[in-house]
Amino acid sequence: MITAENLAKSFGSRVLWQDLHLTVGAGEMVALVGASGSGKTTLLNCLGLLDRPSGGRILFEGTDLTRLGPGGRRRFRRDRLGYLFQDYALIENATVRANLDVARRRGVRPDHARALERVGLAGREEERAHHLSGGEQQRVALARLMVKEPSLVLADEPTGALDGDNAAMVVDVLRQLSREGCAVVVATHNDGVRAACDRAFDVGSGREAERGDSAGWVVERAAERVGRAGRAEHANRR
Ligand SMILES: Nc1ncnc2c1ncn2[C@@H]1O[C@H](COP(=O)(O)OP(=O)(O)OP(=O)(O)O)[C@@H](O)[C@H]1O
Ligand SMILES: [Mg+2]
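Reading the values: rules and limits
Residues numbered from 1 in each chain as written. Chains lettered and ligands numbered in written order. Predicted model: local features only at pLDDT ≥ 70, side-chain atom pairs only at ≥ 80, totals over all residues. Helix = DSSP H or I, 4+ residues; strand = E, 2+ residues; numbered from the N terminus. Buried ≥ 20, exposed ≤ 12 C-beta atoms within 10 Å, placed from the backbone. Contact = placed C-beta atoms within 7 Å. Pairing = 2+ DSSP bridges. Near = placed C-beta within 6 Å. Nonpolar A, V, L, I, M, F, W, Y, C, P; charged D, E, K, R; others polar. Axes fitted to C-alpha atoms, helices over the stretch in contact; angles between N-to-C directions. Core = buried A, V, L, I, M, F, W, Y, C linked by C-beta atoms within 7 Å. Domains from an automatic or database assignment.

You'll find the protein entered in an unreviewed UniProt entry as ATP-binding cassette domain-containing protein, with Nocardiopsis codii given as the organism.

Draft legend 1. How the structure looks around the overall build of the protein. Along the protein, the regular secondary structure elements total eight helices and 10 strands. Relative to its 238 residues, the protein shows a buried fraction of 40%. Taking contacts inside the protein between residues at least 6 apart in sequence as the whole, the part at least 24 apart equals 73%.

Draft legend 2. Representation of the sheet that holds strand 9 (residues 199–202) in the model. Within the open sheet, the six strands sit side by side as 6-7-8-3-9-10. Their pairing is mixed. Bordering the open sheet on either side are strand 6 (81–84) and strand 10 (207–208), each of which pairs with just one other strand. Sheet topology places strand 3 (residues 29–33) next to strand 8 (residues 183–187); four bridges connect them, and they run parallel. Of the residues in strand 8, the one forming a bridge with A31 is V186.

Draft legend 3. Focus on the site of ligand 1. Around ligand 1, the surrounding shell consists of F11, L16, G34, S36, G37, S38, G39, K40, T41 and T42. Split by residue class, the shell around ligand 1 holds two nonpolar, seven polar and one charged.

Draft legend 4. Structural context of the environment of D198. Along the chain, D198 turns up in the loop between helix 7 (191–196) and strand 9. Take D198: there are 15 C-beta atoms within 10 Å of it, and that puts it in the partly exposed class. Measuring from C-alpha to C-alpha, the distance between D198 and R175 comes to 9.8 Å, with 23 residues separating the pair along the chain.

Draft legend 5. Quick look at the pairing of strand 2 (residues 14–24). Where strand 1 (residues 2–11) lies against strand 2, seven bridges are found, and the strand directions are antiparallel. Looking across to strand 2, one finds that L7 is bridged to L20.

Draft legend 6. Local environment of helix 1 (residues 40–47). With six of its eight residues buried, helix 1 lies for the most part within the structure. On its buried face, helix 1 sits against strand 1, strand 3, strand 4 (55–60), strand 7 (152–156) and strand 8.

Draft legend 7. Seen up close, the sheet that holds strand 2. Ordered in space as 2-1-4-5, the four strands form an open sheet in which the pairing is antiparallel. Lying at the two open borders of the sheet, with one neighbouring strand each, are strand 2 and strand 5 (63–64). Sheet analysis places strand 4 next to strand 5, joined by two bridges and oriented antiparallel. Residue F60 lies in a different strand from strand 5, and its bridge partner there is T63. Against the sheet, helix 1 touches strand 1, strand 2 and strand 4, its axis set at about 125° to strand 1.

Draft legend 8. Main features of the nonpolar core. With 63 residues, the main nonpolar core has V153, L174, V185 and V186 as its most contacted residues. The leading source of residues in this core is helix 6 (residues 164–179), at eight residues. Built from parts of two domains, this core gets at least three residues from each of domain 1 (2–80 + 150–237) and domain 2 (92–148). The residues contacting V186, other than those within four sequence positions of it, are M29, A31, L32, A155, P158, L174, V193 and C197.

Draft legend 9. Seen up close, the environment of C182. In this structure, C182 sits in the loop between helix 6 and strand 8. In the structure, C182 is positioned 153 residues away from M29 in sequence and 8.4 Å away in space, judged by C-alpha atoms. The contacts of C182, once residues within four sequence positions are left out, are P150, S151, L152, V153 and L177.

Given below as C-alpha cells:
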C-alpha cells in the first residue's frame, strides 16, 4: 500500500535519517517508535505530504507521492488520507456534526450517527467541539476518520493526552480500520499501543524493533494494558 524507499530527511546539516525503508500493507497496523527527536512526527508528515523528504521516494499504490503536483497532493490528502493528532485538531468553535462533515466526500452521505455511536458519543451532533473533554474530542476525531474511510491512516501519539479508557478506544478503532483494509501507522511512546500493532519500526535505527515483553499478546490484552498504563499516567499527572 505505502512504501518509503531510501527515504532521507535532514534539517540543515542535521541528518534525521538516510536510506530508510518502510512498507505498510493494507490491513496492517505498524507502530513508529524511537527516542524523542528521532523523527517519528517528521516521517508521518512526509508520508502525509505535510513535509518533503530530502531524498528517496514514497510509493502509494505504485504512484510516487513525492512527485505529485499541488493538485495531486491535495487529492491524495482529501480522498485517501486520514490523520489523527495528539491534540485532536478539531474545528473548536464548530459543532460535532460540522467537524464530521469536513471529512465528507463528494456524493457520499456519511453515517454520522453510526460513527458517533461507535465512539460512545451517540446524539452529541449539535454540541460545540470546545465544550467536549479531551477524550471526547479525540473520539470525535476518530468518528471523523470512520466517516472518511481513508485507505491510509497516520496517527501521531493519538493516545498521548488521554486516560486509559479513551486510549483503549483509540486503539480499538484504529485496529478496526486496519481490519477493514486500511494501512495504519501510529507514532507512539506507549507500550500498550505498540503491542496492539502488528509490528514496530524503530525510526532511530531504521529497523524493525524487537517486540520485547509484548511478544504474543493478543489485541484485547494490549488494549487492557493501554487502559492500565493510561490510567496510571493520568493519576500521576494529577
Ligand atoms: N521544521 C523543522 N526545522 C528544523 N528542525 C526540525 C523541524 N521539524 C523537526 N525538526 C527537528 O527534527 C527532529 C525530529 O523531530 P520529530 O518531531 O520528528 O521527532 P519525534 O520522534 O516525533 O519526537 P517526539 O517523540 O518528541 O514527538 C527534532 O530534533 C526536531 O527539532
Ligand atoms: Mg513526535
